[in-house]
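Chain by chain, the residues:
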Amino acid sequence: MRIAAIQMRSGPDPKANLAALEPLLAEAAAAGARYVLTPEVTMAFAENRAGLADVAAPFDADPQLQRVGELAAQHGMYIHVGSLAVPLEDGRFANRSVLFAPDGATIATYDKIHLFDATIAGLNAYRESDTYRGGEMAVTVPVDEFILGMAICYDMRFPQLFHALAQAGAGLMAVPAAFTVPTGQAHWHVLLRARAIETGSYVIAAAQGGQHANGRATYGHSLIIDPWGRIVAELDHDAPGILVADIAADQVADARARIPALANKRPFAGPQALPL
């Protein structure tokens, strides 16, 4: 199966972001992609909660999502919107990933579980929980011969999620992201490769990249990694573009047979606290 990651530089205007996305989707379709992943916050990368409230539409009536469904049917491919903000009843948002089938139907959604609340040296504090409500359910879904496991950005730091997805049959892990530059330089490649190696899975990571209108800077460097942990395709920059690679289900089976970590996993008690 041929897959593609789309790298973007989204701003606060959903209409402008959709206009930027459409030709990239067409380019991926022309390259023969069957499954395409876009970044986190594809449809609106607003400055704050108030900015999102100005542009976020109800999930069932979002015009940008409706258009993406039409494009999935037009191109005859799976389109995975990495995430968008969906208004919730408590005034916050779900950071929601949405998968469209080649007939344009919505077949899966996933709300980001792990929220990034942190202070990074030299930068402002990030408190996603002020704006978003964390999800509670891991999600897998068939995509042709693969089972797709859904994650978003900060989720990549929590290997137990990826182990659960793999044990549920996922052999392709989607990680749309809007990674900061300092953490991207330090951790982006190693974390994503680790998740691939630990689970014997392909990992596709579609990133935001560059200086955004909201003042944020993101790392870019979208990746596709094979089940042995090798980077098979990378955008080595932070500019918008597409990344394409061919993947094969037998490579997942081969990696898991060579290093049967999932099969060898055992429950354990503890840790036991010993006296000093």
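Coordinates for the structure precede this section.
One structure accompanies this document, and this report is about it. None of the values given here were measured: they were computed from a predicted structure.

**Brief notes about the sheet that holds strand 16 (residues 241–246)**
At step 1: Read from one edge of the open sheet, 6 strands run 5-4-3-2-1-16, paired in mixed fashion. At either margin of the open sheet sits one strand with a lone partner, and together these are strand 5 (106–111) and strand 16. Going from strand to strand, the sheet's axes swing by 25° on average, the running direction of each strand aside.
At step 2: As defined by bridge partners, strand 4 (residues 93–100) adjoins strand 5 across 5 bridges and the pair is classed as antiparallel. If you follow Arg-96 over to strand 5, its bridge partner there is Asp-111.
At step 3: In the packing of helix 1 (residues 14–30) onto the sheet, the strands contacted are strand 1 (2–7), strand 2 (35–37), strand 3 (78–87) and strand 16, and the crossing angle to strand 1 comes to about 160°.

**Remarks on the sheet that holds strand 8 (residues 140–143)**
At step 1: Read across the open sheet, the 6 strands follow the order 8-9-10-11-14-15; overall the sheet is mixed. Of all the strands in the sheet, the pair left with one neighbour each is strand 8 and strand 15 (231–234). Taking the axes of each pair of neighbouring strands and ignoring which way they run, one obtains an average angle of 20° across the sheet.
At step 2: Sheet contacts for helix 5 (residues 159–167): strand 8, strand 9 (146–150) and strand 10 (172–174); angle to strand 10, the most-contacted strand, approximately 140°.
At step 3: The strands touched by helix 6 (residues 181–199) are strand 10, strand 11 (202–205), strand 14 (223–225) and strand 15; relative to strand 14, the strand with the most contacts, the crossing angle is about 30°.

What counts and how
Residues numbered from 1 in each chain as written. Predicted model: local features only at pLDDT ≥ 70, side-chain atom pairs only at ≥ 80, totals over all residues. Heavy atoms only, no water. Pairing = 2+ DSSP bridges. Helix = DSSP H or I, 4+ residues; strand = E, 2+ residues; numbered from the N terminus. Axes fitted to C-alpha atoms, helices over the stretch in contact; angles between N-to-C directions. Contact = heavy atoms within 4.5 Å.

Keep in mind these numbers describe shape, not what the thing actually does.
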